[in-house]
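Working through the structure, step by step
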Amino acid sequence: MKTISNSRRNALKWSASALFFGALFGGGVYLAPRLHAREILLRPPGALDESGFLATCIKCGQCVQVCPYHTLTILDITHGSSVGTPHVEARVRGCYLCDLLPCVLACPSGALEHAITDATDVHMGVAFLKRPDRCLALRGVVVTKEALAPLLAHSHKNERERIVLEKIASFEGKACTLCADMCPYPEQDKAIGMTRDEEGRWYPQVRSACVGCGVCEEVCPVAEEAAIVVLPRESYAKVYG
Ligand code: SF4
Ligand code: SF4
Ligand code: SF4
């Protein structure tokens, strides 16, 4: 009887999960305009469940104003009933889980739950290596200047943002560990860490403390769509359990 090789098994494992979640989260491209009202958005830390959030958010933009990383943006009319509400476009800028969560403190309506006071209380979603075939670590490819250029073109309006860019720049010429090393969760290795698969190849392993902040998706240096993405409103138990 034929035995399946380790590399074939890994390829199947990666592609099966990528296909499943690709269909679930990426398959609706052509239907996107019609589905906007129901799209699953990445909301700021502490956001109530989506219907509660939509009913409670007064669209004042206070959370957007206080965010020192310029993470939060206001949705426009193309997002249906979500118009005027804040969200995180992870590929552009993730949430850096600031001390005391100023966005939550600034929210006057309770749409961002005031009981959430610490990064470890946050549940925005969960990270997922959606495109393992593109991951530089799995491919054994070092991070080039060209790969970092789009990330380094991000505007930096203050010291915190400048430090982010400086850290990103330091990965040039190295094996890619950007998603794991830039993760802002306080006990980083409980949220994500580089580990080896059965073939001995390094890859980012998402772990149970991941809060779905989106920073790994932001800093993934592959062109256009990131290899690692955040699944908004999903939990570790549901995706990996
Ligand atoms: S925790 Fe900080 S970075 Fe994240 S959305 Fe709130 S203010 Fe912005
Ligand atoms: S940032 Fe992470 S997912 Fe993206 S290429 Fe590097 S190791 Fe792979
Ligand atoms: S693994 Fe990614 S989404 Fe999860 S906490 Fe770390 S940077 Fe955020």
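Residues numbered from 1 in each chain as written. Chains lettered and ligands numbered in written order. Predicted model: local features only at pLDDT ≥ 70, side-chain atom pairs only at ≥ 80, totals over all residues.

This next bit is on the environment of Leu-105. In this structure, Leu-105 sits in helix α5 (residues 102–106). Accessibility expressed as a C-beta count within 10 Å gives 15 for Leu-105, which makes it partly exposed. Along the sequence, Leu-105 and Gln-62 sit 43 residues apart, while their C-alpha atoms lie 9.5 Å from each other. (Helix = DSSP H or I, 4+ residues; strand = E, 2+ residues; numbered from the N terminus. Buried ≥ 20, exposed ≤ 12 C-beta atoms within 10 Å, placed from the backbone.)

Here the focus is the packing of helix α7 (residues 145–152) against helix α8 (residues 159–169). Axis separation between α7 and α8 bottoms out at 10 Å; the angle between their running directions is 170 degrees. With respect to their mutual orientation, α7 and α8 come out roughly antiparallel. Facing Leu-148, Leu-151 and Leu-152 of α7, the residues of α8 in contact are Leu-165, Ile-168 and Ala-169. Grouping the constituent residues of the contact of α7 with α8 by class yields 6 nonpolar, no polar and no charged. (Axes fitted to C-alpha atoms, helices over the stretch in contact; angles between N-to-C directions. Parallel < 35°, antiparallel > 145°, perpendicular 65-115°, else oblique. Contact = placed C-beta atoms within 7 Å. Nonpolar A, V, L, I, M, F, W, Y, C, P; charged D, E, K, R; others polar.)

A word on the site of ligand 1. Taken together, the neighbourhood of ligand 1 is formed by 14 residues, with Cys-67, Tyr-69, Cys-95, Cys-98 and Cys-103 sitting nearest. Residues that form the shell around ligand 1 fall into these classes: 13 nonpolar, 1 polar and no charged. (Near = placed C-beta within 6 Å.)

Every residue near ligand 2 is listed here: Cys-135, Leu-136, Ala-137, Cys-176, Leu-178, Cys-179, Pro-204, Cys-220, Val-222, Ala-227 and Ile-228. Split by residue class, the shell around ligand 2 holds 11 nonpolar, no polar and no charged.

Attention shifts here to the pairing of strand β6 (residues 228–232). Burial runs high along β6: 5 of the 5 residues are buried. Neither face of β6 is open: one carries Ile-228, Val-230 and Pro-232, the other Val-229 and Leu-231, and all of them are buried. Pairing analysis gives 5 bridges linking strand β3 (residues 125–129) to β6, with the strands arranged antiparallel. Along β6, the bridge assignment pairs Val-126 with Leu-231. (Pairing = 2+ DSSP bridges.)

In this structure, Ala-127, Cys-179, Ile-192, Cys-216 and Ile-228 are the most contacted members of the largest nonpolar core, which totals 59 residues. Elements with a minimum of two residues in this core: α5, β3, α6 (136–139), α8, α9 (178–182), β5 (202–206), α11 (215–219) and β6. In this structure, Cys-179 is in contact with Ile-192, Pro-204, Cys-216, Val-219, Cys-220 and Ile-228, ignoring residues within four places of it in sequence. (Core = buried A, V, L, I, M, F, W, Y, C linked by C-beta atoms within 7 Å.)

This brings us to the confidence of the model for the protein chain. Model confidence for the protein chain is summarised by a mean pLDDT of 89, while 84% of its residues fall at 70 or above. Per-residue pLDDT stays below 50 along residues 18–37; that stretch engages in 14 contacts with residues further than four places along the chain or on separate chains. (pLDDT = per-residue confidence, 0-100.)

Residue placement: Ala-137 occurs in helix α6. Take Ala-137: there are 24 C-beta atoms within 10 Å of it, and that puts it in the buried class. Measuring from C-alpha to C-alpha, the distance between Ala-137 and Arg-201 comes to 7.4 Å, with 64 residues separating the pair along the chain. Apart from residues no more than four positions distant in its own chain, Ala-137 is found in contact with Ala-175, Cys-176, Thr-177, Met-194, Trp-202, Tyr-203 and Pro-204.

A separate point is the pairing of strand β4 (residues 192–196). Relative to β5, β4 runs antiparallel, the two sharing 5 bridges. Considered in β5, the bridge of Gly-193 is made with Gln-205. Between β4 and β5, which pair antiparallel and follow one another directly, the connecting turn spans 5 residues, one of which, Gly-200, has a positive phi of 85 degrees.

This part is about unusual backbone geometry. Unusually for a residue other than glycine, Lys-59 sits at a positive phi of about 60 degrees. By secondary structure assignment, the location of Lys-59 is in the loop between α3 (50–56) and α4 (62–66). Positive phi values are uncommon outside glycine, yet His-70 reaches one of about 55 degrees. Here His-70 is to be found in the loop between α4 and β1 (72–74). Judged by local crowding, His-70 falls into the partly exposed class, with 16 C-beta atoms found within 10 Å.

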